Amino acid sequence: MQTQAVAFHRPIAANENSRWSVAAIEALFQLPFADLMFRAQQVHREHFDPNQVQLSTLLSIKTGGCSEDCGYCPQSAFHDAGVENRRMLDVDEVVKAAKAAQQAGADRFCMGAAWREPSAEDMAAVVEMVKAVRGLGMETCATLGMLNEAQTAQLKDAGLDYYNHNLDTAPEFYGNIISTRDYQDRLDTLERVRKAGMHICSGGIIGMGESLTQRAGLIAQLANMEPYPESVPINNLVKVEGTPLADQQDIDPLDFVRMIAVARITMPKARVRLSAGRQQMGEAVQALCFLAGANSIFYGDQLLTTGNPDVERDRALMDKLGMYPFAEQHG
Ligand code: SAM
Ligand code: DTB
Ligand code: SF4
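Here we come to helix α8 (residues 183-196). An α-helix turns once every 3.6 residues. As a result, residues three or four positions apart point the same way. With 14 residues, α8 extends 20 Å from end C-alpha to end C-alpha; this agrees with the ideal 20 Å at 1.5 Å per step. Of the positions making up α8, those classed as buried are Tyr183, Arg186, Thr189, Leu190 and Val193. Viewed end-on, α8 has its buried residues packed into an arc of 130°, placing them on one side of the element. Along its buried surface, α8 packs onto α6 (149-158), β4 (162-164), α7 (171-177), β5 (199-201) and α9 (212-223). Gly197 sits one or two positions beyond α8 and adopts a positive phi of about 95°.

Given below as structure tokens:
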């Protein structure tokens, strides 16, 4: 009883503009569940309509054969996860998928490629895709690996609104998961994206064997960016056979909910996305994530190479919860 009262009244961070220490973030994780949820909801309601959800549809524009060794990823050429390498899609195929996503109610379309970084030829094709999807009136997002300054300028000129580039985990745990690049490479790309004037979508994965301090460490990296990312995808590891992380132990679903709540509190104005792992999650856990401040999902039957709840199921869940898509409110 005493501990709970102390935890609730302890000042955890001054305000959203102050830097978040890892210790202060860890203290958030350790709050009693109800206190954490209450704080997250307060912050959420200050900045957003809590019943509105932003819908992003993903499309893998180039699948498999990636030269990076990310331990979680079925598309790495280092692992044998049975993903078929496919050529890059044509602009027409991308536009067809984007139109279908828009019809289904998505407002953002995210094009993902299994690259360490795009070549000049890749960039020329992606620029055409971005222009075409932007032309439909959808928000555009791309995730193509590392970018140099010229490439960020090219994407900005093409009309790219968001660039997704996840920090994935805490700096001190990164080397356990990926050896073909380092944390600084990620931060450098994010800085170029910001300098070019695009919005940042960056988050991470939990369930890879990281400690609580390391979860707090990831949040500290994101929340202390100035400004922090406009979109923060929180992924639950999708365990894919053939990847080094296939046998990781499942995390407690309530710890996933806590991660969402902590992201919401530390990044009040961000779209916090309940991302990969929803197919393995019950509806009650997803509902708790929305209560914890998640206000975005990946929407569509497929993530990149793995499954996602189908559109009808998500529609039914939104109806059941009285939630509505961002795009529908704005006609
Ligand atoms: N190749 C680019 C890169 O890594 O930046 C873009 C595509 S990559 C697949 C995008 C993100 O997907 C990764 O940063 C990671 O956060 C997420 N991801 C990949 N495999 C995953 C898995 N099995 N479970 C959860 N998230 C995963
Ligand atoms: C993000 O944070 N998660 C998405 C997206 N950004 C590109 C990808 C999830 C991938 C899950 C595994 C797969 O489908 O290959
Ligand atoms: Fe390649 Fe991205 Fe997968 Fe890493 S996460 S192996 S960079 S596609």
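From this point, the discussion proceeds with the structure in view.
The next subject is the packing of aromatic side chains. The tally for this structure, following the rule as stated, stands at 1 aromatic pair. Here Tyr174 and Tyr183 contribute two aromatic rings whose centre-to-centre distance is 5.0 Å and whose plane-to-plane angle is 85°, an arrangement assigned as edge-to-face. For the pair Tyr174 and Tyr183, one class covers both residues: buried. The ring of Phe326 carries Arg271 above its face, with NZ or CZ at 5.0 Å from the centroid. Between the NZ or CZ atom of Arg273 and the centre of the ring of Phe298, over which it lies, the distance is 4.7 Å.

We now examine the site of ligand 2. The local shell around ligand 2 consists of Leu58, Pro74, Thr143, Asn164, Asn166, Pro233, Asn235, Phe298, Leu303, Leu304, Thr305 and Thr306. Asn166 is positioned with one of its side-chain polar atoms (N or O) 2.8 Å from an oxygen atom of ligand 2. In the environment of ligand 2, an oxygen atom lies 3.0 Å from a nitrogen or oxygen atom belonging to the backbone of Leu304. Alone, ligand 2 offers 400 Å² of accessible surface; in the complex the protein occludes 89% of this. Along the lines of polarity and charge, the residues of the shell around ligand 2 split into 6 nonpolar, 6 polar and no charged.

Turning our attention to the pattern of salt bridges. On inspection of all chains with the given rule, the structure shows 13 salt bridges. The residue Glu68 makes a salt bridge to Arg181 at a minimum N-O spacing of 3.1 Å. One end of the pair, Glu68, is in the loop between β1 (52-62) and α4 (91-103); the other, Arg181, is in the loop between α7 and α8, with 113 residues separating them in the sequence. Assigned by exposure class, Glu68 and Arg181 land together as buried. Residues joined by salt bridges that share partners form a network here, namely Glu68, Arg116 and Arg181.

As a further point, take the site of ligand 3. Around ligand 3, the surrounding shell consists of Cys66, Glu68, Cys70, Tyr72, Cys73, Ser76, Ala114, Trp115 and Arg181. Among the residues forming the shell around ligand 3, the class breakdown is 6 nonpolar, 1 polar and 2 charged.

This part covers the confidence of the model for the chain. The share of residues in the chain with pLDDT of 70 or more is 94%, and the mean pLDDT across the chain is 94. Below a pLDDT of 50 lies the segment residues 1-11, which in the model reaches 8 contacts outside its immediate sequence neighbourhood of four places, other chains included.

Let's shift gears to the pairing of strand β7 (residues 231-236). For β7, the tally of buried residues reaches 6 of 6 residues, placing the bulk of the element in the interior. The two faces of β7 match: Ser231, Pro233 and Asn235 on one face and Val232, Ile234 and Asn236 on the other face are all buried. In the sheet, strand β6 (residues 204-206) pairs with β7 via 3 bridges, with the strands oriented parallel. Directly across from Ile205, in β7, lies its bridge partner Asn235. Once the chain exits β6 it traverses α9 before rejoining the sheet at β7, and the crossover so formed is right-handed. When β7 meets strand β8 (residues 271-274), the two strands line up parallel, connected through 4 bridges. Bridged to Ser231 within β8 is Arg271.

Moving on: the side chain of Ser275. Looking at the element boundaries, Ser275 is found in the loop between β8 and α11 (283-291). The exposure class assigned to Ser275 is buried, which follows from its relative accessible area of 0%. From its side chain, Ser275 meets the backbone oxygen of Arg273 in a polar contact 2.9 Å long. With residues near it in sequence (within four places) discarded, Ser275 still touches Pro233, Ile234, Asn235 and Phe298.

Positionally, Arg278 belongs in the loop between β8 and α11. A relative accessible area of 1% places Arg278 in the buried class. Counting along the chain gives 29 residues from Arg278 to Gln249, while the straight-line C-alpha distance between them is 17 Å. The residues contacting Arg278, other than those within four sequence positions of it, are Gln286, Ile297, Phe298, Asn308, Pro309 and Asp314. Here the side chain of Arg278 touches Gln286 through a polar contact of 3.0 Å, side chain to side chain.

Take the packing of helix α3 (residues 33-47) against helix α10 (residues 253-266) next. Where α3 meets α10, the axes come as close as 9 Å, and the angle between the chain directions of the two elements is 40°. Classified by the angle between their axes, α3 and α10 sit oblique to one another. Considering the relative orientation of α3 and α10, their crossing is left-handed. The residues of α10 that touch α3, namely those facing Phe33, Leu36, Met37, Arg39, Ala40, Val43 and His44, are Leu254, Val257, Arg258, Ala261, Val262, Arg264 and Ile265. Looking at the contact of α3 with α10 residue by residue, the classes come out as 10 nonpolar, 1 polar and 3 charged.

Thresholds, definitions, all that
- Residues numbered from 1 in each chain as written.
- Chains lettered and ligands numbered in written order.
- Predicted model: local features only at pLDDT ≥ 70, side-chain atom pairs only at ≥ 80, totals over all residues.
- Heavy atoms only, no water.
- Helix = DSSP H or I, 4+ residues; strand = E, 2+ residues; numbered from the N terminus.
- Expected span 1.5 Å × (residues − 1).
- Buried < 20%, exposed > 50% of the residue type's maximum accessible area, 1.4 Å probe, protein only.
- Arc of directions from axis to C-beta.
- Contact = heavy atoms within 4.5 Å.
- Phe/Tyr/Trp six-rings, centres within 6.5 Å; stacked < 30°, edge-to-face > 60°.
- Lys NZ or Arg CZ within 6 Å of the ring centre and 35° of its normal.
- Near = heavy atom within 4 Å.
- Polar contact = N/O pair within 3.5 Å; in protein donor to acceptor, adjacent residues only side chain to side chain.
- Areas by Shrake-Rupley, 256 points an atom, 1.4 Å probe, with all protein chains shown as cover.
- Nonpolar A, V, L, I, M, F, W, Y, C, P; charged D, E, K, R; others polar.
- Salt bridge = Lys/Arg side-chain N within 4 Å of Asp/Glu carboxyl O.
- pLDDT = per-residue confidence, 0-100.
- Pairing = 2+ DSSP bridges.
- Right-handed = clockwise from strand over helix to strand, strands pointing away.
- Axes fitted to C-alpha atoms, helices over the stretch in contact; angles between N-to-C directions.
- Parallel < 35°, antiparallel > 145°, perpendicular 65-115°, else oblique.
- Left-handed = near helix turned anticlockwise from the far one by under 90°.

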